[in-house]
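Read off the chains here:
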Amino acid sequence: MKAVWYDRTGPAREVLVVGERPKPEPGRGEVLIRVRASGVNPSDVGMRGGVSGAPMAYPRITPNSDGAGVVEAVGPGVAQAWVGRRVWFYNGQRNGRAFGSAAEYIELDVDLIRELPDGVSFAQGATLGIPCMTAHVALFLAGPVQGRTVLVTGGAGAVGHYAVQLARWAGANVIATVSGEAKAERARAGGADHVINYRTEDVAARVRDLTGGQGVDHVVEVDFGGNVATSLACVRPNGSLAYYATKGDREPRIPAGALMGLNLRIQGVYLPVSPHEARRRAQDDITRWIGTGDRLLSVSATFPLEACAAAHEAVEAGDKVGTVVVEP
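The rules behind each value
Residues numbered from 1 in each chain as written. Predicted model: local features only at pLDDT ≥ 70, side-chain atom pairs only at ≥ 80, totals over all residues. Heavy atoms only, no water. Phe/Tyr/Trp six-rings, centres within 6.5 Å; stacked < 30°, edge-to-face > 60°. Helix = DSSP H or I, 4+ residues; strand = E, 2+ residues; numbered from the N terminus. Buried < 20%, exposed > 50% of the residue type's maximum accessible area, 1.4 Å probe, protein only. Contact = heavy atoms within 4.5 Å. Pairing = 2+ DSSP bridges. Axes fitted to C-alpha atoms, helices over the stretch in contact; angles between N-to-C directions.

Asks: Please give an account of the packing of aromatic side chains that cites residues and values.
Replies: Tallying each qualifying case throughout the model produces two aromatic pairs. Consider the rings of Y162 and W289, whose centres lie 6.0 Å apart with planes at 90 degrees: the pair is edge-to-face. Of this pair, Y162 sits in helix α5 (residues 158–169) while W289 sits in helix α10 (residues 276–291), and the two are 127 residues apart along the sequence. For the pair shown, Y162 and W289 are each scored as buried.

The structure is reproduced here in structure tokens:
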């Protein structure tokens, strides 16, 4: 089969190789998927680039974790009914797996796949995985959000846009922060009830105004370290905050007394080690949600497998809206 791989980290055009690899076989509890679309996430690009400075986890890696395709065969212990089904998946290159979705075929544990509704394209299915599941886990970390008010920072980003949509689907009142009018329109299109431009407005003051001085019940936070003071000023007593990134400050100063006074729950979210139950619920809820037809699954650009390096560069450019997809 045709596949992409790298044996060392570095710039995409210098380290990514396109060639032939043996077609995998599904083992016990696994399915063999003919990959039709492979989603490229910033984490995939960062691992290939070696930005963390850590050594490669495996001598050879096929990049990209997310994707969508058609089940072609099943291994022992898997129902034959899966054969021929359209599916979306995550963790293609994570947690003990060296070979991801930038290939014509991938074998995966059946637990990592869910059926892809007919009304959703393979490219759209490849936008789910890490960003949408991270959004779900962060959103529902403290329980149901129906009838509650949720603040989503970065409401037009890959994870934030899914958090806005899922919160709206689940019956929450949604406030989103953005950096400009184009992103504000995107957040509104996703279902945000209120949008705040954090570059021109006082976020905490606007949130207090919108909530009658009470604050929000829960925050889905894109940059805990960078936003800690503002976000904490937005949460009501007994509220909660889930963060999935902290690029603004990796080691922020935390006002422990204020947190205690609010009886506030704060938790980081890292999908690969999130509880299995939370991940399975995310898969099931996402599959139901995308089947409703009332969703925005944004594909930023598509590239053929041979241009996987260009796809990685498109993500590195930092100006994409949605997910960059490679189509084997």
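Don't stop here, the text continues.
Asks: An account of the environment of N173 is requested, with residue identities and associated values reported.
Replies: Relative to the assigned elements, N173 resides in strand β9 (residues 173–178). In this structure, the C-alpha to C-alpha distance between N173 and H194, residues 21 residues apart in sequence, is 8.6 Å. Once residues within four sequence positions are removed from consideration, N173 is found in contact with R148, T149, V150, D193 and H194.

Asks: Run through the sheet that holds β9, naming residues and quoting values.
Replies: Read from one edge to the other, the open sheet built from six strands follows the order β10-β9-β8-β11-β12-β13, with strand pairing classed as parallel. The two strands at the open ends of the sheet, each matched to only one other strand, are β10 (194–197) and β13 (265–268). Averaged over all adjacent pairs, the angle separating strand axes in this sheet is 15 degrees, with direction ignored. Summarising the sheet, strand β12 (residues 235–243) and β13 pair through four bridges and their orientation is parallel. For A242, the partnering residue across the bridge sits in β13 and is Q267. The strands that helix α6 (residues 181–190) touches are β9 and β10; relative to β9, the one it contacts most, it runs at about 160 degrees.

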